[in-house]
Amino acid sequence: MIVAALVLAGGYAAWRYYAAAGHTQQASAANGRASAPAVPVKIASVEKIDFPVFLNGLGTVQGFNTVVVRTRVDGQIDKIAFKEGQMVQQGDLLAQIDPRPFQASLDQAKAKKAQDEANIANANLDLQRFTKLGEFATKQQTDTQRSTVQQPTAQIAADDAAISNAQTQLDYTTIKAPISGVVGFRQVDQGNIVNAATQTGIVTIAQVEPIAVIFTAPEAQLPDISQSLAANPLKVIALTTDGKRTLSEGTLAVINNQVDTTSDTIRLKATFDNKDHKLWPGLSVSTRLLVTTLKDAIVVPDDAVQHGADGLYAFAVGPDNKAEMRKIKVGRSVDGRTVIEDGLSPGQQVIVAGQYKVQPGTLVATAVASTEPATPAKAR
């Protein structure tokens, strides 16, 4: 009996010891969880703004009008009156062809007219004489003289046409700028013989004020573009090819009359005033077409949107600084910002960096994310 009592007493003491130890470990674990440090994250506000929807693309600058200046008469170039690369105005002298042969043709046509005018004057005098003779001149003689007067009269009309043609040919020896723009490289030097049959021009002029940009858009965007263009002019922004610097702002002018079936794109043409000449023919640019503006859209940074097994979600930060998972539905995404169609409200704070350490209910230490504008990104 004494031995049994001792055994029971020893077992009870051991049970009390291990029970106390287990309780202590549980308490320590609970205290550890309670005192776990807050996870550092960056947050941003959910905003309600008018959200511009841009369509990004690539384009090429071209002159609004481009003209190859050619001679319309044959001859030797006496003078080149422009410098390569200079701006010229419509009507400015570009080149002068030797005018002497054409001046001689004009003088000859004028002399021929003077001769015919003298002949008609003499014929009129003879007609007057036959008319005064009365019965002493036969009717046949009078009629013949009238016909003689009419012939030089018709010749005068032919002389006027010849003079006009000779004057036109002479005018063609003075080559003037047909449009205002920038001249390119000179194709012919002074002293060379040029002729109207040659396809090579003297110089090319490109109009740069205004100037055009040709770019493309996916055919799926054509209905939205057409609908918006019918309501209002659409703004187009031209940027450097890296998208970091704005060069100029213009408006959409033309939608091409057919879709390119090989690339499933539609060609568009925008015009720019280009007073500062930042756009130049042949330059490659990035383009941003403002298709529409969503009024009072709920917007968050792209980094707040997370992809999970059950779809898209974002972590919102509650008043107690604990993370709350919110399932969301998104719309368009442009320039690093995404439109939220459901799941978040304006004024809430969402986590945009550090989500990989966060679970629902995690205590977070917040810092406001940078508000610098994002690099332009392709619209979705």
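Colleague: How would you summarise the overall build of the chain if you had to cite specific residues and measurements?
Modeller: When helices and strands are tallied, the chain shows four helices and 22 strands. Residue burial in the chain is summarised as follows: out of 380 residues, 33% are buried. Taking all contacts inside the chain whose residues are at least 6 apart in sequence as the whole, residues at least 24 apart take part in 76%. In the form shown here, the chain has an accessible surface area of approximately 22,800 Å², with 52% of it arising from carbon and sulfur atoms.

Colleague: I'd like a description of the side chain of Ser 228, backed by residues and values.
Modeller: You can see Ser 228 is positioned in helix α4 (residues 222-231). With near-sequence residues (within four places) excluded, Ser 228 lies in contact with Leu 234 and Val 291.

Colleague: Lay out the pairing of strand β2 (residues 47-63) with the relevant residues and their values.
Modeller: Two faces, one strand: in a regular strand the side chains alternate between the faces of the sheet. The pairing of β2 with strand β15 (residues 284-301) spans 13 bridges and is antiparallel. Directly across from Val 53, in β15, lies its bridge partner Thr 292. Summarising the sheet, β2 and strand β11 (residues 211-218) pair through five bridges and their orientation is antiparallel. Counterpart to Val 61 in the pairing with β11 is Val 213.

Colleague: Lay out the sheet that holds strand β4 (residues 75-80) with the relevant residues and their values.
Modeller: One key point about sheets: their strands pair by backbone hydrogen bonds, in either a parallel or an antiparallel sense. Sheet architecture is open: four strands sit in the order β7-β6-β4-β9, paired in antiparallel fashion. Of all the strands in the sheet, the pair left with one neighbour each is β7 (174-176) and β9 (193-194). As paired strands, β4 and β9 are joined by two bridges and run antiparallel to one another. Bridge assignment links Gln 76 to a residue of β9, and that residue is Ile 193.

Colleague: Tell me about the pattern of salt bridges, and name the residues and values.
Modeller: Under the defined criterion, the tally for this structure stands at ten salt bridges. Between Arg 100 and Asp 98 there is a salt bridge, with the nearest N and O atoms lying 2.9 Å from each other. Exposure remark for Asp 98: the relative accessible area of 14% places this residue in the buried category. The closest approach of N and O atoms between Asp 160 and Lys 113, which form a salt bridge, is 2.7 Å. Highlighted residues: Asp 160 in helix α3 (residues 139-171) and Lys 113 in helix α2 (residues 100-133), separated in sequence by 47 residues. Since its relative accessible area comes to 21%, Lys 113 is described here as partly exposed.

Colleague: Let's hear about the sheet that holds strand β8 (residues 181-183): which residues, and what values?
Modeller: Overall, antiparallel pairing links the four strands, which are arranged β3-β10-β8-β5 in an open sheet. Lying at the two open borders of the sheet, with one neighbouring strand each, are β3 (66-69) and β5 (87-88). Direction of pairing for β5 relative to β8: antiparallel, over a ladder of two bridges. Counted as the bridge partner of Val 88 is Gly 181 from β8.

Colleague: Residue-level account of the nonpolar core, with values.
Modeller: Ranked by internal contacts, the top residues of the largest apolar core, which has 24 residues, are Phe 82, Leu 94, Ile 175 and Ile 205. Listing elements by their share of this core, those giving two or more residues are β4, β6 (93-97), α2, α3 and β10 (203-206). Core analysis: the second largest hydrophobic core is formed by 22 residues, Ala 217, Ala 238, Ala 270 and Phe 272 among them.

Colleague: Outline the environment of Asn 192, supporting the account with residue identities and numerical values.
Modeller: Summarising the element assignment, Asn 192 is placed in the loop between β8 and β9. Overall, Asn 192 belongs to the partly exposed group, its relative accessible area being 37%. Measuring from C-alpha to C-alpha, the distance between Asn 192 and Ile 97 comes to 9.7 Å, with 95 residues separating the pair along the chain. Setting aside its immediate chain neighbours within four residues, Asn 192 contacts Gly 75, Gln 76 and Ile 77. Of the polar contacts made by the side chain of Asn 192, one reaches the backbone oxygen of Asp 189; its length is 2.9 Å.

Colleague: Describe the confidence of the model for the chain, listing the residues and the values that go with them.
Modeller: Looking at the chain as a whole, its pLDDT mean stands at 83, while 79% of the residues score no less than 70. Across residues 17-34, where pLDDT falls below 50, the model places zero contacts with residues more than four positions away in sequence or in other chains. Here residues 373-380 is modelled with pLDDT under 50, and outside its nearest four sequence neighbours on either side it reaches 17 contacts, counting other chains as well.

The rules behind each value
Residues numbered from 1 in each chain as written. Predicted model: local features only at pLDDT ≥ 70, side-chain atom pairs only at ≥ 80, totals over all residues. Heavy atoms only, no water. Helix = DSSP H or I, 4+ residues; strand = E, 2+ residues; numbered from the N terminus. Buried < 20%, exposed > 50% of the residue type's maximum accessible area, 1.4 Å probe, protein only. Contact = heavy atoms within 4.5 Å. Areas by Shrake-Rupley, 256 points an atom, 1.4 Å probe, with all protein chains shown as cover. Pairing = 2+ DSSP bridges. Salt bridge = Lys/Arg side-chain N within 4 Å of Asp/Glu carboxyl O. Core = buried A, V, L, I, M, F, W, Y, C linked by side-chain atoms within 4.5 Å. Polar contact = N/O pair within 3.5 Å; in protein donor to acceptor, adjacent residues only side chain to side chain. pLDDT = per-residue confidence, 0-100.

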